[in-house]
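Okay, here's what each chain looks like letter by letter:
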Amino acid sequence: MNLPEPSSLKLSSRWRAIVQGLLLVACAVVVAGTAYRSISKYHEPKLGEFDRANQGLFDFHNGVYYPAVGMTAGYDPYGPEFAADFPVTRQIPPYSPLALVLHWPLGWLPLRLAEIVYYAITLSCLITIGVLAINVLPDVRERTAWTLMAVLLVLASRSGHTTLFTAYFTAELVLGTMLALRYAESRPVASGLGIALASIKPNFGIPLILLMILRGNWRAVLIGVFFSVAGALLGVAILLQNTDLATLIRDVKSSDSAHVSDENELPVNTWTRIDALAVVAKWAKANPTAPVALGVMLLLTIAPGWALFRLRRQGDYAGDQSYSGVLISTVAMSALYHHAYDALLLIPAGLSLLLDAEWRKWFTFPVRILLGAGLLFVPWNYLSAEVILNRLNLPPVAEQIATSSSGIVLVFIGFVLTVRAFRPANRLLN
């Protein structure tokens, strides 16, 4: 029996209004619920420590607001002095100084106003991700309904909920990555700005730039590297107004040591890592170093890189929801250090497989459903969320399996996408 394509469904005017209304209400309920949880589980920044029971806006305080306030006050947010004098758990990780530049204006605002402003910015980014997931897909009927559905999938996912709940800048990174891939050939400057935004965190920027090079997006990459370096140097220049280069380098090394020694970051202990190395390290009870992680990333990108080269020869070298774009998103999430909240990037990829008829050239409908659902499973995997694990009280082995499931699914889908790219595409049947 041939099942109808999801994108081909058409509703009557009455049902269209009902469906759109229900989806809009559902989005509002999810946002209200997340806001309520952020307030009821609010992390009081006067307590300079991690409180598992109260994580509302925790990441905003630690990674966005107080680093901006500290830089305004003449501190180096990478340094231990900043961690000692501000209500944060530790100095910021060694992400790009461009992050400090982008978030610096928030440091001029009172805490409560800054929280509201950044909550609105994060919500806007999440909604934009949902809208962009649908707006370029061809031949999608009921586009408004599907757009609202995509926004709901983003907001209600574990990744979206966590990002809004703790107010980290993950949504900015995901949005930058989407723009970088989508406009890699048509608008290289816009793509370059997206690369710069993604470069804020090395675990986003490094695999993105590498895979875009392998896809052949040289102009966008060169422009993106220029913007990334220029933004980072601007941040360094601001920090050097109150310190010297030797001290800044020392502080960055200190921040890296504080980050890697945090027990919550170790693969053995974390319930949020989704990259392939973390899954292996979890079962092997190992703690790979950064050079090992980079080496593994290079190994994991060899075959996909070759696949990207073949896809380029077939005319696929742009887009975030094309075959090459979905392959890059999947491999980027699996090849290097990533947490569950980063998996927001996989929602547009999963929706593309489910809704874009172009995928019929590559996979049968059941396989598309399997792959698309798998990509959506990773950001929606509440089974491995801490609050669920605590309630289930699973045996250690079962908990290991639950917290490894997202990484295993990512490896499987990346393997299938890579292997299929080495076979000719089928003729698209109407």
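Residues numbered from 1 in each chain as written. Predicted model: local features only at pLDDT ≥ 70, side-chain atom pairs only at ≥ 80, totals over all residues. Heavy atoms only, no water.

Regarding the overall build of the chain
Where we set the bar: Secondary structure is summarised from DSSP: a helix means a run of H or I of at least four residues, a strand means a run of E of at least two, and numbering begins at the N terminus for each. Based on C-alpha atoms, the radius of gyration is set beside the globule rule, defined as 2.2 Å times the residue count to the power 0.38. Throughout this description, buried means an accessible area under 20% of the type-specific maximum (1.4 Å probe, protein chains only), exposed means over 50%, and partly exposed covers the range between. Accessible surface is estimated by sampling points in the Shrake-Rupley manner with a 1.4 Å probe; for residues, cover comes only from the protein chains shown. Neither His nor the chain termini are counted; the positive set is Lys and Arg, and the negative set is Asp and Glu. Each charge is placed at NZ for Lys, CZ for Arg, CG for Asp and CD for Glu.
Helix and strand counts for the chain come out as 20 helices and zero strands. By the compact-globule yardstick of 22 Å for 430 residues, the chain fits well, its C-alpha radius of gyration being 21 Å. Referenced to the eigenvectors of the C-alpha coordinate spread, the extents of the chain come out at roughly 65 × 45 × 45 Å. The buried share of the chain, reckoned over its 430 residues, is 55%. Surface summary for the chain: the accessible area is close to 18,900 Å², and the carbon and sulfur share equals 68%. Of the charged side chains in the chain, 32 are positive and 27 negative, and the gap between their average positions amounts to 13 Å.

Some points on a nonpolar patch on the surface
What counts, and what does not: Patch membership needs two things, relative accessible area over 30% and no salt bridge, and members are linked within 9 Å if like-charged or within 5 Å if nonpolar (Val, Leu, Ile, Met, Phe, Trp, Tyr). When a carboxyl oxygen of Asp or Glu is within 4 Å of a side-chain nitrogen of Lys or Arg, the pair counts as a salt bridge.
A cluster of nonpolar side chains, contributed by Trp-15, Ile-18 and Leu-22, occupies part of the molecular surface with about 330 Å² of accessible area. Among the structural elements, Trp-15 can be located in helix α1 (residues 13-40). By relative accessible area, which is 52% here, Trp-15 ends up exposed.

Things to note about the nonpolar core
We apply this condition: Here, nonpolar core refers to any group of buried Ala, Val, Leu, Ile, Met, Phe, Trp, Tyr and Cys residues whose side-chain atoms link them within 4.5 Å. The contact definition used throughout considers only heavy atoms, calling two residues in contact when any of these lie within 4.5 Å.
In this structure, Phe-60, Tyr-66, Phe-169, Met-212, Tyr-323, Phe-363 and Leu-417 are the most contacted members of the largest nonpolar core, which totals 113 residues. Counting residues per element, this core draws most heavily on helix α5 (residues 111-135), at eleven residues. When sequence neighbours within four positions are dropped, the list of residues in contact with Phe-169 reads Gly-63, Val-64, Tyr-95, His-103, Tyr-118, Ile-200 and Lys-201.

With respect to the pattern of salt bridges
By the definition in use, this model includes seven salt bridges. Measuring nitrogen to oxygen at the nearest pair gives 2.8 Å for the salt bridge that ties Arg-16 to Glu-142. Highlighted residues: Arg-16 in helix α1 and Glu-142 in the loop between α5 and α6 (143-156), separated in sequence by 126 residues. Classification of Arg-16 by relative accessible area gives partly exposed; the value is 23%. Arg-182 is paired through a salt bridge with Asp-320; the nearest N and O atoms lie 2.8 Å apart. Of this pair, Arg-182 sits in helix α8 (residues 170-182) while Asp-320 sits in the loop between α15 (302-313) and α16 (323-335), and the two are 138 residues apart along the sequence. The residues Arg-182 and Asp-320 share a single accessibility class, namely buried.

As for α1
As a reminder, the rule being used: Expected helix span is computed as 1.5 Å times (number of residues minus one).
Its 28 residues place the ends of α1 40 Å apart at the C-alpha level, agreeing with the 40 Å of an ideal helix rising 1.5 Å per residue. Within the sequence span of α1, burial applies to Leu-23, Cys-27, Val-31, Thr-34 and Ser-38. In this structure, the buried side of α1 is in contact with α5, α6 and α7 (158-166).

Focus: the side chain of His-43
Defined as follows: Nitrogen and oxygen atoms within 3.5 Å of one another constitute a polar contact, given that in protein one can donate a hydrogen and the other can accept it, and given that sequence-neighbouring residues count only through two side-chain atoms.
Note that His-43 resides in the loop between α1 and α2 (58-72). Here the side chain of His-43 touches His-61 through a polar contact of 3.3 Å, side chain to side chain.

Some thoughts on the side chain of Ser-228
When you line up the elements, Ser-228 lands in helix α11 (residues 218-239). The buried category is assigned to Ser-228, whose relative accessible area is 10%. Contact partners of Ser-228, with chain neighbours within four places excluded, come to Ile-195, Ala-196 and Ser-199.

Observations concerning α2
Inclusion rule: Bend at a residue means the angle formed by two fitted axes: the first through the 7 residues ending at that position, the second through the 7 residues beginning there.
Compared with the 21 Å implied by 1.5 Å per residue over 15 residues, the 20 Å span of α2 between its first and last C-alpha is a close match. At Tyr-66, α2 shows its strongest bend, of approximately 35°, with the proline Pro-67 following within four residues. Most of α2 sits inside the fold, with 14 of its 15 residues counted as buried. Immediately downstream of α2, the backbone of Gly-74 shows phi near 95°, a positive value.

Some remarks on the environment of Leu-294
You can see Leu-294 is positioned in helix α14 (residues 290-300). The partly exposed category is assigned to Leu-294, whose relative accessible area is 36%. Placed 274 residues apart in sequence, Leu-294 and Gln-20 show a C-alpha to C-alpha distance of 45 Å. Ignoring sequence-local partners within four residues, the contact set of Leu-294 consists of Ile-206 and Leu-336.

Remarks on unusual backbone geometry
For Leu-57, which is not a glycine, the phi torsion comes out positive at approximately 65°. Tracing the backbone shows Leu-57 in the loop between α1 and α2. A relative accessible area of 8% places Leu-57 in the buried class. Unlike most non-glycine residues, Lys-285 shows phi in positive territory, near 55°. Looking at where Lys-285 falls in the secondary structure, it is placed in the loop between α13 (276-284) and α14.

Considering the environment of Pro-80
Along the chain, Pro-80 turns up in helix α3 (residues 80-85). Under the relative-accessibility criterion, Pro-80 is labelled partly exposed at 36%. Taking the C-alpha atoms as reference points, Pro-80 and Gln-91, eleven residues apart in sequence, are found 6.1 Å from one another. In this view, Pro-80 contacts Gln-91, Asp-251 and Ser-254; residues no more than four positions away in its chain are not counted.

Describing the packing of α15 against α16
Spelled out, the test is: Comment: axis = line fitted to C-alpha atoms, over the contacting stretch for helices; angle = value between 0 and 180 degrees taken between N-to-C directions. Here the angle decides the label: under 35 degrees means roughly parallel, over 145 means roughly antiparallel, 65 to 115 means roughly perpendicular, and every other value means oblique. Here is the rule for handedness: rotate from the far helix to the near one, and if that takes an anticlockwise turn smaller than a right angle the crossing is left-handed, while a clockwise turn gives right-handed. Three residue categories are used. Nonpolar comprises Ala, Val, Leu, Ile, Met, Phe, Trp, Tyr, Cys and Pro, charged comprises Asp, Glu, Lys and Arg, and polar comprises the others, including Gly.
Contact geometry of α15 with α16 gives a least axis separation of 10 Å together with a crossing angle of 170°. The angle between the axes of α15 and α16 places the two elements in the roughly antiparallel class. Relative to α16, the crossing made by α15 is left-handed. Counting all contacts with α15, which are made through Pro-304, Ala-307, Leu-308 and Leu-311, the residues of α16 involved are Tyr-323, Ser-324, Leu-327, Ile-328 and Val-331. Within the contact of α15 with α16, the residues separate by chemical class into eight nonpolar, one polar and no charged.

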